[in-house]
Amino acid sequence: MNISARNKGLITGAVMVALALFFFYVLKQPFESNFQYIIYGIYCAGIMWAVLDFKKTTTGTEKFKDYFAAGFKMFVMVTLIMVLFVFIFFYFNPQIRDAKFAENTKLLLQEGNHTPAEIEQNTAQMKPVFLPMMLGITTFAYLFLGALITSLTAAFVSQ
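Figured I'd write up the structure that's included with this text. Note that this is a predicted model, so its numbers are computed, not measured.

### Some remarks on the overall build of the chain
Along the backbone of the chain there are 5 helices and 0 strands. Element order for the chain, N to C, with α for helix and β for strand: α-α-α-α-α. Here the C-alpha radius of gyration of the chain, 20 Å, is well above what a compact globule of 159 residues would show, namely 15 Å. If one aligns the C-alpha atoms of the chain with their principal axes, the spans along those axes are about 65 × 30 × 25 Å. Burial analysis of the chain (159 residues in total) assigns 36% to the buried set. Contacts in the chain between residues at least 24 apart in sequence constitute 78% of all its contacts with a sequence separation of at least 6. Side-chain charges in the chain split into 12 positive and 9 negative, and the spacing between the mean points of these groups amounts to 13 Å.

### A few points about a nonpolar patch on the surface
A grouping of Leu80, Leu84, Phe87, Ile88, Tyr91 and Phe92 is seen on the molecular surface, where their side chains present a nonpolar patch of about 650 Å² in accessible area. Its place among the elements puts leucine 80 in helix α3 (residues 64-92). Among the residues examined, leucine 80 registers a relative accessible area of 47% and is labelled partly exposed.

### Brief notes about the packing of helix α1 (residues 5-26) against helix α2 (residues 36-56)
One way to put it is that α1 packs onto α2 with a least axis distance of 10 Å and a crossing angle of 170 degrees. As judged from the angle between their axes, α1 and α2 are roughly antiparallel. As α1 packs across α2, the resulting crossing turns out to be right-handed. Residue-level inspection shows Lys8, Ile11, Thr12, Val15, Met16, Leu19, Ala20 and Phe23 of α1 in contact with α2, the latter providing Ile38, Ile39, Ile42, Tyr43, Gly46, Trp49, Ala50 and Asp53. Of the residues in the contact of α1 with α2, the class split is 12 nonpolar, 2 polar and 2 charged.

### With respect to the side chain of aspartate 53
Summarising the element assignment, aspartate 53 is placed in helix α2. Relative accessible area serves as the criterion here: at 17%, aspartate 53 is assigned to the buried category. With residues near it in sequence (within four places) discarded, aspartate 53 still touches Ile3, Lys8 and Met48.

### With respect to the pattern of salt bridges
In this structure the tally under the stated criterion is 3 salt bridges. The partner of aspartate 53 in a salt bridge is lysine 8, and the shortest N-O contact between them spans 2.8 Å. Of the two residues, aspartate 53 sits in helix α2 while lysine 8 sits in helix α1, which places them 45 residues apart along the sequence. For glutamate 32, the salt bridge is made with lysine 100, and the minimal N-O distance between the two is 2.6 Å. In this pair, glutamate 32 is assigned in the loop between α1 and α2 and lysine 100 in helix α4 (residues 94-111), connecting sequence segments 68 residues apart. Looking at glutamate 32, the relative accessible area reads 47%, which means it is partly exposed.

### Looking at α2
Compared with the 30 Å implied by 1.5 Å per residue over 21 residues, the 30 Å span of α2 between its first and last C-alpha is a close match. Residues Gln36, Ile39, Tyr43, Cys44, Gly46, Ile47, Ala50, Val51 and Asp53 constitute the buried set of α2. Among the structural elements, α1, α3 and α5 (116-158) are those in contact with the buried residues of α2.

Calculation notes
Residues numbered from 1 in each chain as written. Predicted model: local features only at pLDDT ≥ 70, side-chain atom pairs only at ≥ 80, totals over all residues. Heavy atoms only, no water. Helix = DSSP H or I, 4+ residues; strand = E, 2+ residues; numbered from the N terminus. Rg over C-alpha atoms; globule rule 2.2 N^0.38 Å. Buried < 20%, exposed > 50% of the residue type's maximum accessible area, 1.4 Å probe, protein only. Contact = heavy atoms within 4.5 Å. Lys, Arg positive; Asp, Glu negative; His and termini not counted. Charge placed at Lys NZ, Arg CZ, Asp CG, Glu CD. Patch = residues over 30% accessible without salt bridge, like charges linked within 9 Å, V, L, I, M, F, W, Y side chains within 5 Å. Areas by Shrake-Rupley, 256 points an atom, 1.4 Å probe, with all protein chains shown as cover. Salt bridge = Lys/Arg side-chain N within 4 Å of Asp/Glu carboxyl O. Axes fitted to C-alpha atoms, helices over the stretch in contact; angles between N-to-C directions. Parallel < 35°, antiparallel > 145°, perpendicular 65-115°, else oblique. Left-handed = near helix turned anticlockwise from the far one by under 90°. Nonpolar A, V, L, I, M, F, W, Y, C, P; charged D, E, K, R; others polar. Expected span 1.5 Å × (residues − 1).

Below you can see the structure in the form of structure tokens.
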């Protein structure tokens, strides 16, 4: 069965979302726990699956850019899925955002060089930028890791 790189991305992204939900809701792990590394492992395995499976269908004249293109199509799809997931997840779980604000307030209080008004102002400034910041971090992290793993796998396969 020949599955396109985009569909491999959809499958990999769906598995990653399912695992993230399982870890959070069933195992009661924080959103940013060590279990996140398992999700990144699935991501890396999905990229390798896309590139190595592309190699099976080639004529042998393909170059690095061809293998990278197969991985690129896959990891861009996963990145899109994960950014949408993070948006929906934080939108429907405002308690996580509020916990981050409380943690930030606690850290500022421990520093001891901020007034209560400054701390409140800091929290007020963080609220509107929290979700865009999380989306930006997620986008960058998945694109960077995807490009890195795809480059390494494509370089290995193209030799």
